[in-house]
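Chain by chain, the residues run as shown.
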Amino acid sequence: MTSAMHWLLAEVWIPFVNPIPVRPGVRLLMLLPLALCVAVVYRAIRARTLRGLPWYALLTFLNIVGGMALLAIGFYVLHEFVLHFWT
Amino acid sequence: MASDVDQTVRTVQAGILSWVLPGAGHFLLGQRALAWVLFLAVSLPYWTGVAIGGVMNSVNPRVNKWLFAAEMLAGGYTSTCFVASSTLQRQTASMPIEERFRRYIAIYPGSDVAQIYLATAGLLNLLVILDAMSRSQYGAPTFHRPPESSAGAAAT
């Protein structure tokens, strides 16, 4: 490895090579862009034309996020129930 | 007969192109707006995952072979990243392990987020590949249904 390459790797922050730190609070928010991409692909592969795709993708996105929120609430209630009655 | 062969070749081409570059199969079929939508919807989570996790451990079959298998569904991206990951591992082999960890390897929660993004992007690209092949073969999306009138005619 040349000294210039060594210096570059050791000192300079390079996108995709050096990871971006993610704070724990941001972890939940990272669901939103991923859910949007899933919704867009899910709707796009069913569409004969792109007309109406943004609206249907938005509805699917809201369904995914709402479903995940309900699951989270359900598991939280179950967790509290187990802690309260079984321990 | 010749047109059947052409159709098969075109279907395989669409599938392979989508594997190499998400949306490229749709582009080949002339559905350019859809191609751009699918390209963005797969590329965004893929490259976000690589950016958060760093290429060294995120695209590495020795770290997580199942994750790598899912990533390989976006073959063009993953092959490129795998070459970059292998090169980086060779170039940093002489570094102290603490320094290597600090600079190149994501820790929780970034590593988790990166894995989820990369695996999801790969699996989404599987849907894109199948859709490109379906549109090439049937001229209709993956989950198409026959029109009501023709279905009724077939039933009677």
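Here is what the cut-offs are and how they apply
Residues numbered from 1 in each chain as written. Chains lettered and ligands numbered in written order. Predicted model: local features only at pLDDT ≥ 70, side-chain atom pairs only at ≥ 80, totals over all residues. Heavy atoms only, no water. Helix = DSSP H or I, 4+ residues; strand = E, 2+ residues; numbered from the N terminus. Buried < 20%, exposed > 50% of the residue type's maximum accessible area, 1.4 Å probe, protein only. Areas by Shrake-Rupley, 256 points an atom, 1.4 Å probe, with all protein chains shown as cover. Core = buried A, V, L, I, M, F, W, Y, C linked by side-chain atoms within 4.5 Å. pLDDT = per-residue confidence, 0-100. Phe/Tyr/Trp six-rings, centres within 6.5 Å; stacked < 30°, edge-to-face > 60°. Lys NZ or Arg CZ within 6 Å of the ring centre and 35° of its normal. Contact = heavy atoms within 4.5 Å. Buried area = accessible area lost by both parts, 1.4 Å probe. Salt bridge = Lys/Arg side-chain N within 4 Å of Asp/Glu carboxyl O. Polar contact = N/O pair within 3.5 Å; in protein donor to acceptor, adjacent residues only side chain to side chain. Nonpolar A, V, L, I, M, F, W, Y, C, P; charged D, E, K, R; others polar. Axes fitted to C-alpha atoms, helices over the stretch in contact; angles between N-to-C directions. Parallel < 35°, antiparallel > 145°, perpendicular 65-115°, else oblique. Left-handed = near helix turned anticlockwise from the far one by under 90°.

K.L.:
So what exactly am I meant to see when it comes to the overall build of chain A here?
P.N.:
From N to C terminus, chain A includes four helices and zero strands. Classification of the 87 residues of chain A by burial places 23% in the buried group. Carbon together with sulfur atoms contributes 74% to the accessible area of chain A, which is approximately 6400 Å² in total.

K.L.:
Just to check I follow, could you spell out the nonpolar core for this structure?
P.N.:
A general tendency of soluble globular proteins is for nonpolar side chains to be buried together. Grouped together as the largest cluster of nonpolar side chains are 19 residues, with contacts concentrated most on B:Tyr46, B:Val50, B:Val59, B:Cys81, B:Leu88 and B:Tyr104. Within the second largest apolar cluster, twelve residues are counted, among which are A:Val40, A:Leu53, B:Leu34 and B:Leu124.

K.L.:
I keep staring at the confidence of the model for chain A and nothing clicks. Help me out?
P.N.:
For chain A, mean pLDDT is 88; residues scoring 70 or higher make up 89% of the total. Helix α3 (residues 31-44) of chain A holds the highest mean pLDDT among the elements of chain A, 96, whereas helix α1 (residues 3-11) of chain A holds the lowest, 66.

K.L.:
How should the packing of aromatic side chains be read in this particular structure?
P.N.:
To describe a pair of aromatic rings, one takes the distance between the centres and the angle between the planes. Applying the stated criterion across every chain yields a total of seven aromatic pairs over all chains. An angle of 70° between the planes, with centres 5.3 Å apart, marks the rings of B:Tyr46 and B:Trp47 as edge-to-face. The exposure class assigned to B:Trp47 is partly exposed, which follows from its relative accessible area of 27%. In this structure an aromatic cluster arises from ring pairing among A:Phe16, B:Tyr46, B:Trp47 and B:Tyr77. Positioned above the aromatic ring of B:Phe27, the side-chain terminus of B:Arg32 is 4.5 Å from the ring centre. Taking NZ or CZ as reference, B:Arg103 lies 5.9 Å from the ring centre of B:Tyr104, over its face.

K.L.:
I'm lost on the interface of chain B and chain A in this one. Help?
P.N.:
Interfaces are frequently sized by the accessible area removed from exposure as the parts join. Taken together, the contact pairs 46 residues of chain B with 31 residues of chain A. At the boundary of chain B with chain A, total buried surface from both sides reaches about 3100 Å², with 71% on carbon and sulfur atoms. Taken as a group, B:Gln91, B:Arg103 and B:Tyr117 account for 19% of the area that chain B buries against chain A, more than any other trio of residues on that side. On the surface where chain B and chain A come into contact, there are one salt bridge. With a shortest N-O distance of 3.8 Å, B:Asp112 and A:Arg27 are connected by a salt bridge. On inspection of chain B and its partner chain A, the count reaches eight residue pairs in polar contact (both at pLDDT 80 or more). Those elements giving two or more residues to the side of chain B that touches chain A turn out to be α3 (32-53), α6 (75-91), α7 (97-104) and α8 (110-138) of chain B. With 14 residues, the top contributor of residues to the side of chain B that touches chain A is α3(B). Taken together, the residues of the side of chain B that touches chain A sort by class into 29 nonpolar, eleven polar and six charged.

K.L.:
Teacher, can you tell me more about the packing of α3(A) against helix α4 (residues 53-85) of chain A here?
P.N.:
In a pair of packed helices, the angle between the axes and the distance between the axes together describe the arrangement. Residues and elements named next belong to chain A. Taken N-terminus to C-terminus, the directions of α3 and α4 make an angle of 130°; their axes are 8 Å apart at the nearest point. By the angle between their axes, α3 is oblique relative to α4. Relative to α4, α3 is oriented so that their crossing is right-handed. The residues of α4 that touch α3, namely those facing Leu-31, Leu-32, Ala-35, Leu-36, Val-38, Ala-39, Val-40, Tyr-42, Arg-43 and Ala-44, are Leu-53, Tyr-56, Ala-57, Thr-60, Phe-61, Ile-64, Val-65 and Met-68. Here the residues of the contact of α3 with α4 sort into 16 nonpolar, one polar and one charged.

K.L.:
I would appreciate a short explanation of unusual backbone geometry in the present structure.
P.N.:
With the exception of glycine, the majority of residues adopt a negative phi angle, and the majority of peptide bonds are in the trans configuration. Residues B:Tyr108 and B:Pro109 are joined by a peptide bond in cis, for which omega reads 5°. Structurally, B:Pro109 can be placed in the loop between α7 and α8. One non-glycine residue, A:Phe16, lies in the positive phi region at around 75°. Owing to a relative accessible area of 33%, A:Phe16 belongs among the partly exposed residues under this scheme.

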